[in-house]
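What the coordinates show
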2 protein chains.
Amino acid sequence: MAQHAGTIAAAMPAGRSGGREGRRAERSGPRPVARAPWIRRGIPPYDILSEDNLCRIEAAADRILWETGIEFRDDPPALEHWRRAGAVVDGVRVRFPPGLLREILSSAPAEFVQHARNPANSVRIGGDNVVFAPAYGSPFVMDLDRGRRFGTLEDFRNFVRLAQSYPWFHHSGGTICEPTDIPVNKRHLDMVLAHLTLSDRPFLGSVTAESRAEDSIEMARIVFGHDFVEANCVIMGNVNVNSPLVWDGTLTRSLRAYARANQGVIVVPFILGGAMGPVTTAGAIAQSLAETMAGCALAQLERPGAPVVFGNFLSSMALRSGAPTFGTPEPAVGSLVVGQLCRRLRLPLRCSGNFTTSKLPDAQAMTEGTMSMLAAIHCGANYILHAAGFLDGLLSMSYEKFVLDADLCGALHAYLAGVTVDDSHLAVEAFAEVGPGNHFFGCSHTLAHYQSAFWDSETADNDPFEKWEAGGALDAARRAHAIWKRRLRDFEPPPIDAGLSEALADFVARRKASMEDMWY
Amino acid sequence: MAQHAGTIAAAMPAGRSGGREGRRAERSGPRPVARAPWIRRGIPPYDILSEDNLCRIEAAADRILWETGIEFRDDPPALEHWRRAGAVVDGVRVRFPPGLLREILSSAPAEFVQHARNPANSVRIGGDNVVFAPAYGSPFVMDLDRGRRFGTLEDFRNFVRLAQSYPWFHHSGGTICEPTDIPVNKRHLDMVLAHLTLSDRPFLGSVTAESRAEDSIEMARIVFGHDFVEANCVIMGNVNVNSPLVWDGTLTRSLRAYARANQGVIVVPFILGGAMGPVTTAGAIAQSLAETMAGCALAQLERPGAPVVFGNFLSSMALRSGAPTFGTPEPAVGSLVVGQLCRRLRLPLRCSGNFTTSKLPDAQAMTEGTMSMLAAIHCGANYILHAAGFLDGLLSMSYEKFVLDADLCGALHAYLAGVTVDDSHLAVEAFAEVGPGNHFFGCSHTLAHYQSAFWDSETADNDPFEKWEAGGALDAARRAHAIWKRRLRDFEPPPIDAGLSEALADFVARRKASMEDMWY
């Protein structure tokens, strides 16, 4: 009878993480929540463009691919793939006959499972499924006490712990912040180790060099076994296009390493309108479509059937200064179009996140972040990277914003569930019971639905003004500050087999010993 | 060729207000904007429920109306209307045979114009049109310097001035804050006078007593002339249901006064789920539909064809304390359903606004406010009251939040414009011109579109961290503080004929002299 009522995917059997969350909830107030390995959406995506206009954008992408083409630099095997597939290769420039990429992409799965170390945390990516992951790639971290500073490995670990402490993330993410105290060529080992030991959720490996991609995959093999990895996605790499219209060999070699191992690749152009692409949204979307299709298709040429995710990252600029801007309206509404185009390709979508250029976890941060995050929700994104922590145009991970964003992710679980329409929720009998002018507080319908009725925020203050004032008149950022400190203090890592833990540490030590330190 | 590209409705001819905005823009940085009397949406509303489920909600509303009914207290003429229309009247309880209200509502216009004192500012309400108005009804005001205090007439005037100073509001609103220094029975005169002299946009009159509604309409007649008012909507009243299922005579008499004068009525149930309605969203929506249809139909019985607006105000509660909450996910997604139901009635919609329970213009305020405001945008609301200033569950108007919200209203102009798809915006030639790996900064396509490409925020800081730090490291609320002070300092009232101004002042003086002061 009920329709469009989303379900939070099967609650985890009484695992330690879920149990711990339940216990914390009792202590600090909020009702216990069912742990959600991922969300299955109960509301449809938001389609804003007509079929006609979608076809126009696709035709523009096809013309860009054929008339201008894309350069694949420093990766001869990629050029060889394109030659064999029927593209026109001229030096490093590749031109794609219309239809070629769509044909190649037909081998890519519309949905796939990324397995987690804890099988209860495996996620399904694509279709009606939504997966939240922390932000990715900041050199700095910030908190209200210590201000801005370069990220360290301990900061990185803290963010893995924080994410793991919430039921609202389904994925541990990747380079949550740069651990700048570790040599550039060894960071990936420590990051993957942290994801595999401090979290038991799926995660992203390194893409900054083919060898680092392979190290990441090798560590996953230690955990999952060689044969399982050969047949299943257990790790993904997030690779960026050098927009406009350039694929750098460092990235395509990493992309091919993941695909070769049958692991997931997220392909993401980063288009700052007016700089790396046209200043008009439709043009930036056409470009993004061209670049992403080419990247996803290259993964299919490397290994047909390897999981790929159609990624997108539109942004805008401040017209007075040329500075990049994030969380602005044009990319938000543009994301809705990207979602429509991606569904026509039948590929899983990564889009948007909680973007902002604010330097503090303030009103600007959450205006921009909420607009941007809702665009991800509405456009039908299946994998939402940057769902928490993003500050200052991704230059900083903020501890407090992480907490505020995590809370928004929780709220979006309720939002994505949609509106349940059945006799019990329509409550017609309750009106007869209560009658005009009387309140619903104690009526049987309220008692029956009370526990599950409304999202219960961890960070919002809903108290009367006087009580809030008596409690110190804290703003949301200050409350978030106390929350992340408590969450880190209370953190217990998920259980891991001692032998496995040792094998991973041993691999990391061995690989580190085999290389000189590189600092840039 | 272009489709779904929204247009900001015809720019105002070089009126003083528009010109002033243009000049201010040059001084303080942002590019001049076309003054928008209202927005015509370039993106469709977001439909989330199936036809089946919409029919189920409508059937539930019909059952509530027939089985439980609605009480119309202290308004015998309203009961007489219902009796004559074919409803079953038992004491003050009215039961409505299924289909009766829909039939009565067929005389209500799907769209109408509310005329402004400055004809260039008249707005169209209904259809694809969107009108923003400030928040309504707070007893307190707040700013960062002086904290919270009771609102005064000077505060009220300040908010009228602030709204008028922005191109992003299309309507001056109503009781923006309570002028608590003025007797309860005389406030409406000062408020209407302020709307008619400090603003030249459309506005709302009083509804707190039939005589105050009539005073408000009479003041409008002084400005527009009796005959014009008889034939056109120049003022509206926003009337609340005493949910659940009670219409108070004070409000229905005001409602009938507006309708009788052929003026607009906005009919709004305020349903705090679990208190004034069921704790389940579908039930609250069914109730809201029943209550709103009854109110709008009563206006039609008073005068068929009088403009009515289908209003909605869903909210939730904190399950641990029973405190009301605003800007939460369930009402946001519920609003999308309300929009679908309203379109099936072919009535203009008022829904949502920038809601929050936060006590400060902080991260909580704008997370909740942005989610709530986007719900208004997505659900297809035509008249968005509470678009700026709402704080602490509507107990306070905040000067700083007003500025932040106004800026969001500006951003939503860009959002609602949607994505323009035509050859010029698709920019295919620009790719050939720029080529792979090069930037778009100086290319001819960028130069051609640069000026109009992106929304230019007044409050966001997009500068590099170091520049922001050198500028005082202000958060958004502090920046907003400086902005409202500057806007009030620079304010010049729109021109008004001296005779008109005198006639209004004279009416106010006469009416005030005719009554004893009432303070509660």
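The following paragraphs examine the structure supplied in this document. Quick caveat: nothing in here was measured; it's all calculated off a predicted structure.

**Structural notes on the overall build of chain A**
Looking only at helices and strands, one finds 19 helices and 19 strands in chain A. The C-alpha atoms of chain A give 23 Å as radius of gyration, which agrees with the globular expectation for 520 residues (24 Å, within 12%). With the principal axes as the frame, chain A shows a C-alpha extent of 75 × 55 × 50 Å. The 520 residues of chain A split such that 65% are buried.

**Overview of the relation of the copies chain A and chain B**
With an RMSD of 0.0 Å, chain A superimposes on chain B once it is rotated by 180° and translated 0.0 Å along the axis. The relationship between the two copies is best expressed as a two-fold rotation axis. Considering only C-alpha atoms, the part of chain A nearest the rotation axis is A:Ala363, at 2.2 Å. The overlap is high: 100% of the interface residues of chain A also sit at the interface in chain B, so the same surface is used on both sides.

**Details of the interface of chain A and chain B**
Taken together, the contact pairs 126 residues of chain A with 126 residues of chain B. When chain A packs against chain B, close to 10,100 Å² is buried across both sides, 68% of that on carbon and sulfur atoms. Remark: the boundary between chain A and chain B carries eight salt bridges. Seen at the junction of chain A and chain B, the total is 36 residue pairs in polar contact (both at pLDDT 80 or more).

**Quick look at the sheet that holds strand β12 (residues 246–248) of chain A**
All names here are of chain A. Spatial strand order, β4-β5-β3-β12: four strands in an open sheet with mixed pairing. Each of the sheet's edge strands pairs with one partner strand only, and the pair in question is β4 (88–90) and β12. With strand direction ignored, the average angle separating the axes of adjacent strands in the sheet is 25°. When strand β3 (residues 70–73) meets β12, the two strands line up parallel, connected through three bridges. Looking at β12, one finds that glutamate 71 is bridged to valine 246. Docked against the sheet, helix α10 (residues 281–302) engages β3 and β12, running at close to 45° with respect to β3.

**Some words on the side chain of A:Asn129**
Residues and elements named next belong to chain A. Along the polypeptide, asparagine 129 turns up in strand β8 (residues 129–132). A residue is classified by how much of its surface remains accessible, and asparagine 129, at 1% relative accessible area, is buried. For asparagine 129, the residues in contact, after removing those within four places along its chain, are Trp38, Ile39, Arg40, Glu111, Arg124, Ala381 and Asn382.

**Observations concerning the pattern of salt bridges**
Tallied over the full model, the rule gives 76 salt bridges over all chains. The residue B:Arg149 makes a salt bridge to B:Asp143 at a minimum N-O spacing of 3.0 Å. Across the pair, B:Asp143 and B:Arg149 agree in class, each one buried. Each member of the salt-bridge network shares a partner with another, and the members are A:Asp75, A:Glu210, A:Glu214, A:Arg253, A:Arg256, A:Arg260 and A:Glu302.

**Re helix α3 (residues 76–85) of chain A**
Residue and element names in this part refer to chain A. Taken residue by residue, α3 has Ala78, Leu79, His81 and Trp82 as its buried positions. Buried residues along α3 cover an arc of 155° about the axis, so they all sit on one side. Exposed side of α3, more than 90 degrees from the buried face: Pro76 and Arg84 are the residues found there. The inward-facing, buried residues of α3 abut β3, β4, β5 (93–95), α4 (100–105), α9 (249–260) and α10.

Definitions and limits used
Residues numbered from 1 in each chain as written. Chains lettered and ligands numbered in written order. Predicted model: local features only at pLDDT ≥ 70, side-chain atom pairs only at ≥ 80, totals over all residues. Heavy atoms only, no water. Helix = DSSP H or I, 4+ residues; strand = E, 2+ residues; numbered from the N terminus. Rg over C-alpha atoms; globule rule 2.2 N^0.38 Å. Buried < 20%, exposed > 50% of the residue type's maximum accessible area, 1.4 Å probe, protein only. Least-squares fit on C-alpha atoms with pLDDT ≥ 70 in both. Contact = heavy atoms within 4.5 Å. Buried area = accessible area lost by both parts, 1.4 Å probe. Salt bridge = Lys/Arg side-chain N within 4 Å of Asp/Glu carboxyl O. Polar contact = N/O pair within 3.5 Å; in protein donor to acceptor, adjacent residues only side chain to side chain. Pairing = 2+ DSSP bridges. Axes fitted to C-alpha atoms, helices over the stretch in contact; angles between N-to-C directions. Arc of directions from axis to C-beta.

The quantities given are spatial measurements derived from coordinates; they are silent on function.
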